[in-house]
Amino acid sequence: MKFTLIEDLSPALEDSLWRLYQAEPWSKGCSFDDVKRMLRGNTLNLALVDDEGLLAGYARVLSDGVLTAFLLDVVVAPDWRGVGLGRRLMDVALGHPDLRGVRQFQLYCEEKLVPFYEQWGFTSDLGNLRFMRRC
């Protein structure tokens, strides 16, 4: 199967992304309007679509283009997990021309995914830094 990388999602792919988000614990319950607003506010949207034009994977990156990029929502559709699409999204995001000058990439993930992200040099050893959130 061949997968095509696109950066502009059609309305049908926006809907597919919203449906994919509903199956993930960290994004379940977001509205379709939330997803559309999110897509407009990002620095970079990366989607992988299959030969039939269906969404197979997605990642987004927020960045100032210089100091920091925050990698978000690397997600692969359940039917396509384990075939390397997450790796492809990571490689494209970290090597994207718009992000080449960025000094540091950051992300957060579930504990079980730490070994996956360590392949690209990510570490959970942040010294005195702490991840914080306001909900």
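Draft legend 1. Region of interest: the pairing of strand E2 (residues 44-49). Where burial is concerned, most of E2 is hidden: 6 out of the 6 residues are buried. The alternating pattern of E2 places Leu44, Leu46 and Leu48 and Asn45, Ala47 and Val49 on opposite faces, both of which are buried. Bridge count between strand E1 (residues 4-6) and E2: 3 bridges; the pairing is antiparallel. Its bridge partner lying in E2, isoleucine 6 is registered against alanine 47. Pairing of E2 with strand E3 (residues 55-63), which is carried by 6 bridges, proceeds in the antiparallel orientation. Looking across to E3, one finds that leucine 48 is bridged to glycine 57. The antiparallel hairpin formed by E2 and E3 contains 5 residues in its connecting segment, where glycine 53 sits at a positive phi of about 80°.

Draft legend 2. The sheet that holds strand E4 (residues 68-76), seen in detail. Reading across the sheet, the 5 strands line up as E1-E2-E3-E4-E5 and stay open at both edges, with mixed pairing between neighbours. Strands with a single pairing partner mark the edges of an open sheet, and in this sheet they are E1 and strand E5 (104-106). Geometrically, the sheet is characterised by an average inter-axis angle of 20° between neighbouring strands, direction not taken into account. Along the sheet, helix H1 (residues 11-22) contacts E1, E2, E3 and E4; its crossing angle with E3, the most-contacted strand, is approximately 90°.

Draft legend 3. Region of the structure containing helix H2 (residues 32-41). Of the residues making up H2, those classed as buried are Val35, Met38 and Leu39. Taken down its axis, H2 places every buried residue within 100° of arc, on the same side. Every exposed residue of H2 that faces more than 90 degrees away from the buried side is listed here: Arg37, Arg40 and Gly41. Contacts from the buried residues of H2 go to H1, E2, E3 and E4.

Draft legend 4. How the structure looks around the environment of glycine 121. The residue glycine 121 is located in the segment after helix H4 (114-118) in this model. With relative accessibility at 60%, the residue glycine 121 sits in the exposed group. With 102 residues separating them in the primary sequence, glycine 121 and arginine 19 have C-alpha atoms 31 Å apart.

About the criteria used
- Residues numbered from 1 in each chain as written.
- Predicted model: local features only at pLDDT ≥ 70, side-chain atom pairs only at ≥ 80, totals over all residues.
- Heavy atoms only, no water.
- Buried < 20%, exposed > 50% of the residue type's maximum accessible area, 1.4 Å probe, protein only.
- Helix = DSSP H or I, 4+ residues; strand = E, 2+ residues; numbered from the N terminus.
- Pairing = 2+ DSSP bridges.
- Axes fitted to C-alpha atoms, helices over the stretch in contact; angles between N-to-C directions.
- Contact = heavy atoms within 4.5 Å.
- Arc of directions from axis to C-beta.

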